[in-house]
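Coordinates in review
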Amino acid sequence: MDDINLHYRFMNWRRRIQVIREVRAVRYRERLKRMLRDGDVLRYHGNSDEVGCFVAARPLSKRNRYFEVTIVDTGVRGMIAVGLVPQLYKLDHQPGWLPNSVAFHADDGKLYNGSTVGQQFGAKCCRGDRIGCGISLDSDDGQITVFFTKNGDEIGSVDVPASPDALYPAVGMHSLGEEVLLDLNADWGMEDDDAQMIVDSHEEDWARLYDVKVTGMLLEYVGKGKSIVDVGLAQARRPLNTRFHYYELEITDAGEKCYIALGLARRDYPKNRHPGWSRGSIAYHADDGKLFHGSGVGDPFGPRCFAGDVMGCGIMFPRDFNLDDDGDDWDLDVVPKPSEVQNDLYANNDDEEDEEEGEDLEGRKVMVFFTRNGKVVGRKEVALPAAGFYPTIGMMSTGEKVKVDLQPLSG
């Protein structure tokens, strides 16, 4: 009967995740008209009589509060606008022209704030100039401070009545030949101490970062990538729980070898070990599609993952699970030994560090599951460490980048 109930609950979770993914796919979809997008490049695709407009898939947020546009070609008139708009903004209008939108226009250096009449704001922009737009973290309720930059220097700011999650990055164009380079994950900071604190706030969700650079929701591997000890590790500040039991990453750049691992690990997990390699961890590896559970050898588990794929990991907690449970009261089931499936990459990787001192790794059993592009790949029952399982991501080859959402089911 317990197996039947567990299967029923698991199937319900599969359906729920799929529905949420489908809703998010509709909700978080970029919109554009009379424009073409080729990677990070936006080009005007009209007849110069009509406006072309691009609206990003996601709004600015405290974790990703700034974006930039570099002018590649001003075209005939250089009528390029950069700003913020509502999600369902009319795409035949320049950003800033309609209510609840604000934008800086490159052709005249004016700020347009919900009106077709602009106010002089800064200098005109030309080919090679970099225009940035962001929101202040200390904005009051109901009012958001929007600021603009040119070539890394702040031009000015304006307060607009909106909430942070209602302002989407937007780019407008209005003449033949106009072309820009879009960076939705740009970083912004100044040299003074207050600004440095703002930059550091990007890392507030992560307790441990080794050879990993954080820019908003983007994690980038910055290690050597020469051997199996050159692991880049990112571990979240909080463990998964009954409220936030699932997280995801999108592979934005597979790097040289796509040695990217998504999983869960104990709080004191070794920094130079890929998730899944050492005790108290489990992970799905993108490069070979294998599941690693406390060992440097893995089991065939799911398909390989590539740039653009979304990998997810979550826990199905028992119905009677309580966040206040004491680890001493849990059923002390021993973590099962994984089957010996050899992986060439880790063939010479001894397990000396698997015997390191750490927290108690024996605890109550939970069901860990993994997804790929919204579909459940598989699941495995494991023992929960006393302090919980922390979202943990590993990378190990040059150029690897992932975009992480630690609370995808809350949106």
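Residues numbered from 1 in each chain as written. Predicted model: local features only at pLDDT ≥ 70, side-chain atom pairs only at ≥ 80, totals over all residues. Heavy atoms only, no water.

As annotated in an unreviewed UniProt entry, the chain is SPRY domain containing 3 from Kryptolebias marmoratus.

Section: the sheet that holds strand E21 (residues 281-285)
The condition that has to hold: Strand pairing follows a simple DSSP-based rule, namely that at least 2 bridges must link the two strands. For the purposes of this entry, the term helix denotes a DSSP run of H or I that reaches at least four residues, the term strand denotes a run of E that reaches at least two, and both are numbered from the N terminus.
With antiparallel pairing, seven strands are arranged side by side in an open sheet as E15-E18-E27-E20-E21-E22-E23. For this open sheet the edge positions go to strand E15 (206-210) and strand E23 (299-300), each flanked by a neighbour on one side alone. Bridging between strand E22 (residues 290-293) and E23 involves two bridges; their strand directions are antiparallel. Residue pairing in the sheet places Leu-291 in a bridge with Asp-299 of E23.

Let's talk about the nonpolar core
The condition that has to hold: Here, nonpolar core refers to any group of buried Ala, Val, Leu, Ile, Met, Phe, Trp, Tyr and Cys residues whose side-chain atoms link them within 4.5 Å. A simple rule labels every residue: compare its accessible area, found with a 1.4 Å probe on the protein chains alone, to the largest value its type can have, and call it buried under 20%, exposed over 50%, or partly exposed in between. Contacts are residue-level and defined by heavy atoms, with any inter-residue pair within 4.5 Å sufficient.
Residues Leu-219 and Val-368 are the most contacted members of the largest nonpolar core, which totals 37 residues. Look past the residues within four positions of Val-368 in its chain and what remains in contact with it is Leu-264, Ile-282, Cys-313, Gly-314, Ile-315, Gly-378, Arg-379, Lys-380, Val-382 and Phe-389. The next biggest cluster of nonpolar side chains, apart from the first, holds 31 residues, and it includes Leu-60, Ala-106, Ile-144 and Ala-162.

Some remarks on the confidence of the model for the chain
What counts is decided by this rule: What pLDDT reports is the predictor's confidence in each residue, on a scale of 0 through 100.
Residues with a pLDDT of 70 or more make up 78% of the chain, whose mean pLDDT is 83. The low-confidence segment residues 190-201, where pLDDT is below 50, has nine contacts with residues more than four positions distant or belonging to other chains. This model gives residues 324-360 a pLDDT under 50, and the stretch forms 80 contacts once residues within four places in sequence are excluded.

With respect to the packing of aromatic side chains
Threshold: Centres within 6.5 Å make a pair out of two Phe, Tyr or Trp rings, where for Trp the six-membered ring is used; the pair is then stacked when the planes are under 30 degrees apart, edge-to-face when over 60, and tilted otherwise.
Going through the model one piece at a time under the given rule, you end up with ten aromatic pairs. On the numbers, 6.1 Å between centres and 55° between planes, the contact of Phe-104 with Phe-121 is tilted. Taken together, the residues span a long stretch of sequence, with Phe-104 in strand E7 (residues 102-105) and Phe-121 in the loop between strand E9 (119-120) and strand E10 (130-135) at a distance of 17 residues. Ring-pair connections join several aromatic residues into one group, and the members of that group are Tyr-66, Phe-147 and Trp-188.

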